[in-house]
Amino acid sequence: MTQDELKQAVARAAIEHVPSGIIGVGTGSTANYFIDELARIKGRIDGAVASSEATAQRLKSHGIPVLDLNTAGELAVYVDGADEITEHLHMIKGGGGALTREKIVAACSKKFVCIADGSKLVGMLGKFPLPVEVIPMAQSYVAREMIKLGGQPVLRQGFTTDNGNIILDVHNLQIMNPVELETQINQITGVVTNGLFARRPADILLLGTAEGVKTLKA
Ligand code: 5RP
């Protein structure tokens with residue numbers, strides 16, 4: 001199976017985790033496949049909260065109502081992909097640059113269902129550069145602080161987040177303790193969010209493999 005077929009398989013499997021009401025929807029190619037599957041059962045839900053402008057557009061193009069998080073309240077489930085995920089269901093996210101809104105919607109959700117093809121499962125996080133969303137005027141300061149933490153920050157060229165900020169992709173970090181590092185990076189003045197999702201990990205991972213969709217729980 002191709003990587004895209006594995007992404008489609010996990011997107012289909014995630015539909016079983018969709019209750020009635022309002023759900024949260026992530027960003028990226030795997031999340032896009034999920035939105036396409038969601039369109040088939042859209043009568044079952046009242047609408048969705050989107051984690052990015054791109055996701056909002058795709059939901060709307062399928063006729064799925066896009067709702068404001070501030071009026072939606074707590075969501076039963078959030079479905080999203082990941083750039084890397086461990087067996088503890090700690091993740092690196094933000095390859096698509098939507099990490100801040102993703103983290104907000106995940107925080108408001110009772111259950112986080114991660115959907116990923118098998119290549120995303122890793123023993124230790126950090127081969128994928130860690131995205132850090134930064135207020136533009138703090139770019140140099142945050143970059144220096146990331147170097148102190150052992151990373152090599154690279155500005156994501158020509159990219160502005162939905163919140164009007166920049167992304168530093170931080171290479172070569174040794175992520176031995178994801179919860180601690182997530183907290184530490186969030187303390188740096190000028191950082192909006194970092195792409196470690198360890199303090200609020202996924203609850204379920206649907207992993208696409210050649211042998212079928214495997215379900216992992218933390
Ligand atoms: C976007 C994300 C995505 O979930 C992550 O980049 C995975 O993307 P894809 O499903 O295209 O592999 O965090 O900000």
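Our structure's up above, just so we're on the same page.
Before going into details, it helps to say that this report is about the structure given with it. (Residues numbered from 1 in each chain as written. Predicted model: local features only at pLDDT ≥ 70, side-chain atom pairs only at ≥ 80, totals over all residues. Heavy atoms only, no water.)

Here's the deal with the overall build of the protein
Here's step 1: Looking only at helices and strands, one finds seven helices and 13 strands in the protein.
Here's step 2: Scaling as 2.2 N^0.38, a compact globule of 218 residues should have a C-alpha radius of gyration of about 17 Å, and the protein matches this with 17 Å.
Here's step 3: With respect to the principal axes defined by its C-alpha atoms, the protein has extents near 50 × 40 × 30 Å.
Here's step 4: Taken over 218 residues, the protein has a buried fraction of 52%.
Here's step 5: Distance from the positive charge centre (21 side chains) to the negative charge centre (23 side chains) of the protein: 1 Å. (Helix = DSSP H or I, 4+ residues; strand = E, 2+ residues; numbered from the N terminus. Rg over C-alpha atoms; globule rule 2.2 N^0.38 Å. Buried < 20%, exposed > 50% of the residue type's maximum accessible area, 1.4 Å probe, protein only. Lys, Arg positive; Asp, Glu negative; His and termini not counted. Charge placed at Lys NZ, Arg CZ, Asp CG, Glu CD.)

Re the side chain of Thr 55
Here's step 1: Mapped onto the elements, Thr 55 comes out in helix 3 (residues 53-61).
Here's step 2: Its relative accessible area of 1% is what places Thr 55 among the buried residues.
Here's step 3: Those residues within four positions of Thr 55 in sequence are excluded, and the remaining contacts are Val 25, Gly 26, Thr 27, Ile 35 and Ala 50. (Contact = heavy atoms within 4.5 Å.)

Structural notes on the site of the ligand
Here's step 1: Close to the ligand lie 17 residues; Ser 29, Thr 30, Asp 83, Gly 94 and Lys 120 are nearest.
Here's step 2: Taking Ser 29, its side chain carries an N or O atom lying 2.5 Å from an oxygen atom of the ligand.
Here's step 3: Between the ligand and Asp 83 there is a distance of 2.6 Å, counted from an oxygen atom to a side-chain nitrogen or oxygen.
Here's step 4: The protein chains hide 91% of the 380 Å² of surface that the ligand would expose on its own.
Here's step 5: Partitioned by chemical class, the residues of the shell around the ligand number two nonpolar, nine polar and six charged. (Near = heavy atom within 4 Å. Polar contact = N/O pair within 3.5 Å; in protein donor to acceptor, adjacent residues only side chain to side chain. Areas by Shrake-Rupley, 256 points an atom, 1.4 Å probe, with all protein chains shown as cover. Nonpolar A, V, L, I, M, F, W, Y, C, P; charged D, E, K, R; others polar.)

Just distances and angles here, no functional claims.
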